[in-house]
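Residues per chain, in single letters:
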Amino acid sequence: GNSVTQMEGPVTLSEEAFLTINCTYTATGYPSLFWYVQYPGEGLQLLLKATKADDKGSNKGFEATYRKETTSFHLEKGSVQVSDSAVYFCALSWNRQFYFGTGTSLTVIP
Amino acid sequence: SAVISQKPSRDICQRGTSLTIQCQVDSQVTMMFWYRQQPGQSLTLIATANQGSEATYESGFVIDKFPISRPNLTFSTLTVSNMSPEDSSIYLCSVVDRAGNEQFFGPGTRLTVL
């Protein structure tokens with residue numbers, strides 16, 4: 001079946017540190033992959049996406065590359081800011097079905 | 001993309017009462033969903049809201065507890081019936097784009113049941 005496994009949190013980083021949140025997936029076909037972000041008290045917002053192998057999604061300094069060989073879609077940012085504190089969800093879609101990871105809480109301290 | 005609004009944004013309710021949450025989309029969409037996000041948890045799909053027919057519920061969710069209406073392609077409601085403190089959650093409406101590849105979320109309704 002299809003599923004998403006992402007790194008458990010919480011993650012606490014100092015401002016300007018490097019961020020990696022791991023995400024791996026299991027899929028029966030060739031899914032699209034997403035990262036969503038949920039800021040405190042808000043709904044989910046699409047952060048970035050990739051629709052095929054080797055695609056790189058990027059937005060607001062965040063990047064993730066669709067790696068078919070390792071079935072991964074790790075989220076990275078070179079220098080985090082306090083305003084990046086949020087919960088991050090990895091997700092996949094296949095055949096109009098959507099699957100979400102459990103979310104990783106990130107706190108960035110000044 | 002789709003712009004989704006939900007009302008109310010938050011509410012505090014008494015045990016045993018019911019609350020209806022509204023979801024409005026700025027464009028016609030085929031696929032619309034309702035999710036629950038319990039405190040500190042990921043998303044759990046409650047049901048798919050089908051236009052003009054009964055909603056399709058996921059395992060563990062029933063129509064008597066979570067009746068859903070979908071009168072047209074831009075609007076849906078979710079009612080949380082006979083509430084208990086365990087229903088305290090964020091309830092999220094979402095839609096899928098025409099291609100079926102991307103999902104958009106409303107801002108959520110934060111429900112607290114006392």
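Student: So, the layout of surface pockets: which residues are in play, and what are the values?
Tutor: As a volume, the largest pocket reaches approximately 450 Å³. Lining the largest pocket are 27 residues, and of these Val87(A), Gln37(B), Pro39(B), Gly40(B) and Gln41(B) lie nearest its centre. The greatest single-element share of the lining of the largest pocket, amounting to 4 residues, is contributed by strand β12 (residues 104-109) of chain A. Roughly 260 Å³ of volume is contained in the second largest pocket. Gln97(A), Phe98(A), Tyr35(B), Leu45(B) and Glu58(B) are the residues nearest the centre of the second largest pocket, which is lined by 13 residues in total. Of all the secondary structure elements, the ones that give two or more residues to the lining of the second largest pocket are β11 (97-100) of chain A together with β4 (32-37) and β5 (44-49) of chain B. No other element matches β11(A), which puts 4 residues into the lining of the second largest pocket. Within the lining of the second largest pocket, the residues separate by chemical class into 8 nonpolar, 3 polar and 2 charged.

Student: Please set out the pattern of salt bridges residue by residue, giving values where relevant.
Tutor: In this structure the tally under the stated criterion is 5 salt bridges over all chains. Among the salt bridges present, the one from Lys77(A) reaches Asp84(A), with a minimum N-O distance of 2.8 Å. Looking at Lys77(A), the relative accessible area reads 9%, which means it is buried. A salt bridge links Asp87(B) to Lys65(B); the nearest nitrogen and oxygen atoms lie 2.6 Å apart. Taken together, the residues span a long stretch of sequence, with Asp87(B) in the loop between β8 (75-80) and β9 (89-96) and Lys65(B) in the loop between β6 (56-57) and β7 (68-72) at a distance of 22 residues.

Rules used in this analysis
Residues numbered from 1 in each chain as written. Chains lettered and ligands numbered in written order. Predicted model: local features only at pLDDT ≥ 70, side-chain atom pairs only at ≥ 80, totals over all residues. Heavy atoms only, no water. 1 Å grid on protein atoms, 1.4 Å probe; cavity = no way out; pocket = protein on both sides within 12 Å on 5 of 7 lines; lining within 4 Å. Points joined across faces, edges and corners; volume = space filled by probe spheres on them. Helix = DSSP H or I, 4+ residues; strand = E, 2+ residues; numbered from the N terminus. Nonpolar A, V, L, I, M, F, W, Y, C, P; charged D, E, K, R; others polar. Salt bridge = Lys/Arg side-chain N within 4 Å of Asp/Glu carboxyl O. Buried < 20%, exposed > 50% of the residue type's maximum accessible area, 1.4 Å probe, protein only.

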